[in-house]
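# Results of the structural survey
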Number of protein chains: 2
Amino acid sequence: MHESNESSARLVCVNVMDFTDVSLTALRVFRAVAEQGTSTAAAASLGYTQSAVSRQTAAIERVAGAELLERRRDGVRLTAAGRVVMRRAAVVLDEIDATARELSGLPGEAGTVRLG
Amino acid sequence: MHESNESSARLVCVNVMDFTDVSLTALRVFRAVAEQGTSTAAAASLGYTQSAVSRQTAAIERVAGAELLERRRDGVRLTAAGRVVMRRAAVVLDEIDATARELSGLPGEAGTVRLG
DNA sequence: CGGTTTTACGGAGCTCGTAACCATT
DNA sequence: AATGGTTACGAGCTCCGTAAAACCG
């Protein structure tokens, strides 16, 4: 377990979660929301319900420790932190997909291996 | 867990899972095992038990659809596919960590707390 | 044997969908 | 009312640790 020895400052939030506790599902959901502009559309495109998407975005904001989406009348909009996360999430998810392609032997990138 | 009746055919994968179903925990565990050489050492370094590590590596091999670790007397060794996954996993996990660092250095619009 | 990985079981926790609720136009 | 997001609850699944078994020199 991670116990900080730093003595004096003892506050933080209720939960001791940082971004490393994020899940790939949360990243995918967040990307979909950012791309589609509304949770509803994202939910439809992922085969989830609105509420599932809402909980996932809430979760990723919790581990990020910041608001990533600005709620507006006609959907959501990325905040500054949201854009940061979005860029990183794209890298992560693309890498996962690239791995999947590479493993299945499909044309993905340089360095594809042939599993015998 | 979903075993076939062992009639005659040697079916490879009963579950329809590809690498996109991998979890970050599995990637972390796999990296630790690859770096440390044994599941036991990896377990200790992660605060898990041996069995948890074993299940995670089994899981990642299942979604990868290939053996990633060659079991040997004194631990494990990466296969060709294992090295592929290892390289990709490093990218993914580093990106996650980088995001965490970047976010903790951001002037978040809510909930930023200065310790000390 | 000695060291390692794997499997069976039970419980804790997470995530989903349904459904109800909130907020703004 | 309509649209979009949020929250409460119960069901199902996943994951862990413990403990026992299976491998392999």
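The residue count restarts for each chain, going from 1 along the sequence in the order it is written. Each chain is given a letter, starting from A, and each ligand a number, starting from 1, according to the order in which they appear as written. The model is predicted, so local features are restricted to residues of pLDDT at least 70 and side-chain atom pairs to those at 80 or more, both for listing and for counting; the totals for chains, interfaces and linings are taken over all residues. Side-chain measures here rest on the full set of heavy atoms in the structure, leaving out hydrogens and waters.

In the nomenclature of an unreviewed UniProt entry, chain A corresponds to HTH lysR-type domain-containing protein from the organism Streptomyces antimycoticus.

Of the regular secondary structure elements, chain A holds 4 helices and 2 strands. Buried residues are those whose accessible area, probed at 1.4 Å on protein chains only, stays under 20% of the maximum for their type, while exposed residues exceed 50% and partly exposed ones sit between those limits. Considering chain A as a whole, with its 116 residues, one finds that 36% of them fall into the buried category. Should any heavy atoms of two residues lie within 4.5 Å, those residues are considered in contact. Summarising the internal contacts of chain A: among those between residues at least 6 apart in sequence, 50% fall at separations of at least 24. For every accessible area listed, the method is Shrake-Rupley and the probe measures 1.4 Å; residues are considered covered only by the protein chains on display. Total accessible area computed for chain A in this model is approximately 7200 Å², and 49% of it derives from carbon and sulfur atoms. To qualify as a helix, a DSSP run of H or I must reach at least 4 residues; to qualify as a strand, a run of E must reach at least 2; elements of each kind are numbered from the N terminus.

Before going further, it helps to spend a moment on the protein's contact with DNA strand C. Residues are labelled near a given molecule or strand when at least one of their non-hydrogen atoms is within 4 Å of it. In the vicinity of DNA strand C, 17 residues are found, and the nearest of them are Q56 of chain A together with S39, T40, Q50 and S54 of chain B. Within 4 Å of the protein, atoms of DNA strand C come from sugar and phosphate in 59% of cases. Here a polar contact is taken to be a pair of N or O atoms separated by no more than 3.5 Å, where protein atoms must pair a possible hydrogen donor with a possible acceptor and residues adjacent in sequence count only if both atoms sit in side chains. R73 of chain A places a polar side-chain atom, nitrogen or oxygen, 3.5 Å from a sugar or linking oxygen of DNA strand C. At a separation of 2.9 Å, a phosphate oxygen of DNA strand C approaches a polar side-chain atom of T40 of chain B. Of all the elements in the fold, those that place two or more residues in the surface near DNA strand C are α3 (50–64) of chain A together with α2 (39–46) and α3 (50–64) of chain B. Asp, Glu, Lys and Arg are counted as charged, while Ala, Val, Leu, Ile, Met, Phe, Trp, Tyr, Cys and Pro are counted as nonpolar; the rest, among them Gly, fall into the polar class. Taken together, the residues of the surface near DNA strand C break down into 3 nonpolar, 10 polar and 4 charged.

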